[in-house]
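Spelled out, the chains give:
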Amino acid sequence: MASIPADPSLVLGGIIEPYKIDQLAAIAEVQKPVELANERLNFLTMSSYKMEMIYQQMVNMRVDMASLIKLQAEQIWLKAEATNAAIDLGEQIITSERAVRDLREKFAQTKISKMVESPMNYELSEVKPFPLSFD
């Protein structure tokens, strides 16, 4: 789980109910395959760029083209794998978004409640009025 799903109840200084953390953990678990597919696609894309740079350096060094056949084959394989990873990522996103939508509907707020806004006690704080210009 690389990230916490966005939720308006997560505010600095606010009290979070334990059930809310469980709900967010369930949503993050559903989103995990998308994050893994995205990492795989990013890795393959970066590898493809690196292989392209190496290939261009070899061409600039006037290396015999027969020697670069293995490098070209690797580039073709990386591009095919990146294409497959992109398709897999799209499928994972569709599946995940549907599951997240279902979970959010399941966890939707069913009642309006009142809870402590902050752990600070504002009744003990004193408000002092100051004139507009104070020396």
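Predicted, not measured: the structure shown is a model, and the values here were computed from it. (Residues numbered from 1 in each chain as written. Predicted model: local features only at pLDDT ≥ 70, side-chain atom pairs only at ≥ 80, totals over all residues. Heavy atoms only, no water.)

Draft legend 1. Quick look at the overall build of the protein chain. From N to C terminus, the protein chain includes two helices and zero strands. Counting only residues that meet the buried cut, the protein chain has 21% of its 135 residues in that class. Taking the contacts inside the protein chain whose residues are at least 6 apart along the sequence as the reference set, 71% of them involve residues at least 24 apart. Surface exposure of the protein chain reaches about 11,000 Å², of which carbon and sulfur atoms provide 60%. (Helix = DSSP H or I, 4+ residues; strand = E, 2+ residues; numbered from the N terminus. Buried < 20%, exposed > 50% of the residue type's maximum accessible area, 1.4 Å probe, protein only. Contact = heavy atoms within 4.5 Å. Areas by Shrake-Rupley, 256 points an atom, 1.4 Å probe, with all protein chains shown as cover.)

Draft legend 2. A nonpolar patch on the surface, seen in detail. A grouping of Leu 10, Ile 16 and Ile 21 is seen on the molecular surface, where their side chains present a nonpolar patch of about 220 Å² in accessible area. Position of Ile 16 relative to the elements: it lies in the segment before α1 (18–60). (Patch = residues over 30% accessible without salt bridge, like charges linked within 9 Å, V, L, I, M, F, W, Y side chains within 5 Å. Salt bridge = Lys/Arg side-chain N within 4 Å of Asp/Glu carboxyl O.)

Draft legend 3. View of the pattern of salt bridges. Across all of its chains, the model carries three salt bridges by this definition. A salt bridge links Glu 29 to Lys 32, with the nearest nitrogen and oxygen atoms 3.4 Å apart. In this pair, Glu 29 and Lys 32 both sit in helix α1, three residues apart, roughly one turn of the helix. Assessed through its relative accessible area of 45%, Glu 29 is described here as partly exposed.

Draft legend 4. Looking closely at the environment of Tyr 49. Mapped onto the secondary structure, Tyr 49 falls in helix α1. Once the C-alpha coordinates of Tyr 49 and Gln 75 are considered, the two residues, 26 residues apart in sequence, prove to be 9.1 Å apart.

Draft legend 5. Local environment of the nonpolar core. Counting residues in hydrophobic clusters, the biggest one holds 12 residues: Val 34, Ala 37, Leu 41, Leu 44, Met 51, Tyr 55, Leu 68, Leu 71, Leu 78, Ala 82, Ala 85 and Leu 89. Mapped onto this core, the elements with two or more residues apiece are α1 and α2 (69–106). Setting aside residues up to four positions removed in sequence, Leu 78 forms contacts with Leu 44, Ser 47, Ser 48 and Met 51. (Core = buried A, V, L, I, M, F, W, Y, C linked by side-chain atoms within 4.5 Å.)

Draft legend 6. Fine view of the packing of α1 against α2. Contact pair α1 / α2: the axes reach a minimum separation of 8 Å and the direction vectors enclose 160°. What the angle tells us is that α1 and α2 run roughly antiparallel. Seen from above, α1 lies across α2 with left-handed handedness. (Axes fitted to C-alpha atoms, helices over the stretch in contact; angles between N-to-C directions. Parallel < 35°, antiparallel > 145°, perpendicular 65-115°, else oblique. Left-handed = near helix turned anticlockwise from the far one by under 90°.)

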